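Residues per chain are reported as follows:
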Amino acid sequence: MDYAALKGKRVVLMAVGSRGDVQPFLALSAGLVKAGAPTLVLTNANLVDFASALGAVAKEVYPDTKEVIMNTPGLLECMKEGNILSFLQIVADLNKKMFPENYRKVSAAIEDFRPDVVLAGCLSACIADAIGAMRGIPVIRCDLFGFLKSGDAPSLLNEPAWTPRWCHRALNRLYDLWTLKGQRDAQYTHFAEVCPELLPFLPKNLEQYEIAEEFRPEPMLIASSPLLVKQPKDVVGEVLITGHWVVPEEDGMRFGGEHFAGVDELAEFLASGPAPVYIGWGSMICVSAEFMASLAVRAVKLAGLRAVVLGGWAMLDEACLRGQPDSDELLEYARRNVLFTKAAPHEWLFQRCAATVHHGGAGTTAAALRSGRPTIITPCGFDQPMHARTVAASGAGMALPQLVKVTPTVLADALRQATTDNVLIAQAAELGAKLREEDGVSTTLRVLDEFFTNQVATGAWPKKVARMHEAMRKFDSPGLLTRLGFFCAKLCTNSIKSQVA
């Protein structure tokens, strides 16, 4: 397809977080470049080389995510407990220290590259919106995990699914309030010092925040499959579900160095016996490395299976099995049946395993489902319980309790089912085949081309921007009755259009 309107447009992709958060943006970057759109990826210090290995032009504008988490004990505790409000508060406190330097680097990169559009992940949304307002360019938000605020499903605070619809909506509002508070405390203060003219374009209160969300002039892109993410009737704003953004297996296998250094060892282990199960928790650290490694090996020992165990950020290895009451048994079983590996190419490895066990991160879940093998999610928190529910609903896997509550027996039982239940195995294979037929990158390129053709070139987009800012100005200082009206509207319908009209 000839993307005539997109060709020549300069695109910045703001991708922040772990490798799983960034890799889909690298797949999209490759597609944009092939379509004739010069692209710059702004990412974390530890992922610039990883991006370059895929041919992306990347710049460091954020610190090393792993280093920040490891040096912030409170974040590790939040990871263990899945406490998202505490997580947001700690991140806000960190932002107060790091944001000025982050913003300086982002601003310099943007000024040098001069993009026509910014595509931003959720972790960089606020700074991207500020850049867009300053330069008068579209900012398209991109979501990898398909969370859509609705009364039909739990919020990111992960209340029980049976909670009434109004309660889901109320907790979504609480989450938004907490997010806005973090932005004001950490970022707006700096904006007031370096670019005060930007402040009128940023939401100062929850009512303006909700207007900016519902009347956003650009679509939000969900890089997941329409087979997995269904749009609720009460969702607000324009949402487009594109399909997963996937790095082709052959490109992923080009990685060297620290990224996927053990492929030869993996291939040898795979060929030495029956298909193993994969167990890995990526960037999650729960209780301790010893707890995680022992849980993995005890479970596969009970189930009588071989396993590939990913080291991840917890750096799981055989040494983590020492100091346990059953260390001798675990070490002996691991030597014969378990391969610990620092990193692995998911797209290549998962299809060669009998089943997968993981934390439920967006990228890992996508790769696990695409592999066509049954998958088991042991979530730590955040968006992961949502992915666990999605996998269970798809019939291609199972949702276990929070990782800290999972026992070897529970995990072993799930592994036995995942490797012997013919209905589950067939359902996973069928879904995987359908997902592999999707081309999320091409769909996204078409959406962007249509956006420039129908919205930017026609002048419709700047008019929508002006209308949104005009609506926000009307609620610069909302009174008590206005706030009550917004609150009731959100709880009853999830929409505040009746309050803005």
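Everything below is about the structure shown above.
The text that follows walks through the structure, step by step, so that each part is easy to find. Keep in mind that this is a model prediction, so the values were computed, not measured.

Definitions and limits used
Residues numbered from 1 in each chain as written. Predicted model: local features only at pLDDT ≥ 70, side-chain atom pairs only at ≥ 80, totals over all residues. Heavy atoms only, no water. Helix = DSSP H or I, 4+ residues; strand = E, 2+ residues; numbered from the N terminus. Rg over C-alpha atoms; globule rule 2.2 N^0.38 Å. Buried < 20%, exposed > 50% of the residue type's maximum accessible area, 1.4 Å probe, protein only. Areas by Shrake-Rupley, 256 points an atom, 1.4 Å probe, with all protein chains shown as cover. Lys, Arg positive; Asp, Glu negative; His and termini not counted. Charge placed at Lys NZ, Arg CZ, Asp CG, Glu CD. 1 Å grid on protein atoms, 1.4 Å probe; cavity = no way out; pocket = protein on both sides within 12 Å on 5 of 7 lines; lining within 4 Å. Points joined across faces, edges and corners; volume = space filled by probe spheres on them. Nonpolar A, V, L, I, M, F, W, Y, C, P; charged D, E, K, R; others polar. Pairing = 2+ DSSP bridges. Axes fitted to C-alpha atoms, helices over the stretch in contact; angles between N-to-C directions. Salt bridge = Lys/Arg side-chain N within 4 Å of Asp/Glu carboxyl O. Right-handed = clockwise from strand over helix to strand, strands pointing away. Expected span 1.5 Å × (residues − 1). Bend = angle between axes of the 7 residues up to and from the residue. Arc of directions from axis to C-beta. Parallel < 35°, antiparallel > 145°, perpendicular 65-115°, else oblique. Left-handed = near helix turned anticlockwise from the far one by under 90°. Contact = heavy atoms within 4.5 Å.

1. Notes on the overall build of the chain
Here is step 1: When you go through the chain residue by residue, the secondary structure sums to 21 helices and 13 strands.
Here is step 2: Since a compact globule built from 501 residues should have a radius of gyration of about 23 Å, the 23 Å found for the chain is in line with a globular shape.
Here is step 3: The principal-axis extent of the C-alpha atoms belonging to the chain is close to 70 × 50 × 45 Å.
Here is step 4: Per-residue burial over the chain gives 56% buried out of 501 residues.
Here is step 5: For the chain, the accessible area works out to roughly 20600 Å², and carbon and sulfur atoms hold 56% of it.
Here is step 6: Charged side chains in the chain number 50 positive and 54 negative. The centres of these two groups are separated by 4 Å.

2. Here's the deal with the layout of surface pockets
Here is step 1: Size it by volume and the second largest pocket reaches roughly 560 Å³.
Here is step 2: Gly146, Leu228, Val229, Met386 and Thr390 are, among the 27 residues lining the second largest pocket, the residues nearest its centre.
Here is step 3: The set of elements that each furnish at least two residues to the lining of the second largest pocket consists of helix H14 (362-370) and helix H15 (384-394).
Here is step 4: For the lining of the second largest pocket, the element with the highest residue contribution is H15, accounting for six residues.
Here is step 5: Broken down by class, the residue content of the lining of the second largest pocket amounts to 16 nonpolar, eight polar and three charged.

3. Describing empty space enclosed by the protein
Here is step 1: As enumerated under the stated definition, the model contains one cavity of 30 Å³ or more in all.
Here is step 2: Estimates place the volume of the largest cavity at around 30 Å³.
Here is step 3: Every residue along the wall of the largest cavity is listed here: Lys149, Arg169, Asn172, Arg173, Asp176, Lys490 and Asn494.
Here is step 4: Ranked by the residues each element gives to the lining of the largest cavity, the list is headed by helix H7 (residues 165-194), at four residues.
Here is step 5: Residues of the lining of the largest cavity, tallied by class, amount to no nonpolar, two polar and five charged.

4. Quick notes on the sheet that holds strand E2 (residues 39-44)
Here is step 1: Spatially, seven strands are ordered E3-E2-E1-E4-E5-E6-E7 in an open sheet, and the strand pairing comes out parallel. The open sheet is flanked by strand E3 (58-62) and strand E7 (239-241), the only strands paired with a single partner. Pairwise comparison of adjacent strand axes, ignoring direction, gives a mean angle of 25 degrees for this sheet.
Here is step 2: Looking at chain direction, strand E6 (residues 220-222) and E7 are connected through three bridges and run parallel. The partner of methionine 220 across the bridge, within E7, is valine 239.

5. A short note on the pattern of salt bridges
If the charged atoms of two oppositely charged side chains come close together, the side chains can form a pair.
Here is step 1: Following the criterion strictly, the structure yields 28 salt bridges and no others.
Here is step 2: One salt bridge connects glutamate 430 with lysine 434, and the closest N-O pair in it is separated by 3.4 Å. Of the two residues, glutamate 430 and lysine 434 both sit in helix H17 (residues 422-437), four residues apart, roughly one turn of that helix.
Here is step 3: Residues joined in a network through salt bridges with shared partners are Asp129, Arg141, Arg216 and Glu218.

6. Regarding the pairing of strand E9 (residues 307-310)
Here is step 1: Taking every second residue as pointing to the same face, both faces of E9 are buried, with Ala307 and Val309 on one and Val308 and Leu310 on the other.
Here is step 2: The sheet contact formed by strand E8 (residues 277-279) and E9 spans three bridges and is parallel. Within E9, the residue paired with tyrosine 278 across the bridge is valine 308.
Here is step 3: Where the polypeptide runs from E8 across helix H11 (residues 289-303) and back to E9, its parallel neighbour, the crossover connection is right-handed.
Here is step 4: Here E9 runs beside strand E10 (residues 338-341); their pairing, made up of four bridges, is parallel. Within the sheet, the bridge partner assigned to leucine 310 lies in E10 and is threonine 341.
Here is step 5: For the handedness criterion, the β-α-β arrangement of E9, helix H12 (residues 327-337) and E10 is classed as right-handed.

7. Some thoughts on H7
Here is step 1: The end-to-end C-alpha distance of H7 is 42 Å, a good match for the 44 Å that 30 residues give at a rise of 1.5 Å each.
Here is step 2: Along H7, the largest kink reaches about 40 degrees and is centred on glutamine 187.

8. Concerning helix H10 (residues 263-271)
Here is step 1: Of the residues making up H10, those classed as buried are Val263, Leu266, Phe269 and Leu270. Buried residues of H10 fall within an arc of 120 degrees about the axis and therefore sit on the same side. The outward face of H10, more than 90 degrees from its buried face, is lined by the exposed residues Asp264, Glu268 and Ala271.

9. A closer look at the pairing of strand E5 (residues 139-143)
Here is step 1: Burial analysis of E5 places four of its five residues in the buried class, which makes it a mostly covered element.
Here is step 2: Of the strand pairs in this sheet, strand E4 (residues 117-121) and E5 are connected by four bridges, and their pairing is parallel. Residue pairing for E5: valine 118 is matched across the bridge by valine 139.
Here is step 3: Direction of pairing for E5 relative to E6: parallel, over a ladder of two bridges. The residue bridging aspartate 143 from the neighbouring strand is isoleucine 222, located in E6.

10. Quick word on the packing of helix H6 (residues 125-135) against H7
Here is step 1: For the pair H6 and H7, interaxial distance at closest approach is 11 Å and the crossing angle is 30 degrees. In terms of their interaxial angle, H6 and H7 are classed as roughly parallel. The way H6 lies across H7 gives a crossing that is right-handed. Contacts between H6 and H7 involve Cys126, Ile127 and Ala130 on the former and, on the latter, Gln183, Gln187, Tyr188 and Phe191.
Here is step 2: In terms of residue class, the contact of H6 with H7 is built from five nonpolar, two polar and no charged.

11. Considerations on the side chain of serine 224
Here is step 1: Among the secondary structure elements, serine 224 is positioned in the loop between E6 and E7.
Here is step 2: Judged by its relative accessible area of 6%, serine 224 falls in the buried class.
Here is step 3: Look past the residues within four positions of serine 224 in its chain and what remains in contact with it is Leu144, Val229, Ile241, Thr242, Gly243 and His244.

12. Side note on the environment of alanine 108
Here is step 1: When you line up the elements, alanine 108 lands in helix H5 (residues 84-113).
Here is step 2: The exposure class of alanine 108 is partly exposed, given its relative accessible area of 44%.
Here is step 3: In this structure the C-alpha to C-alpha distance between alanine 108 and valine 61, which are 47 residues apart in sequence, comes to 9.4 Å.

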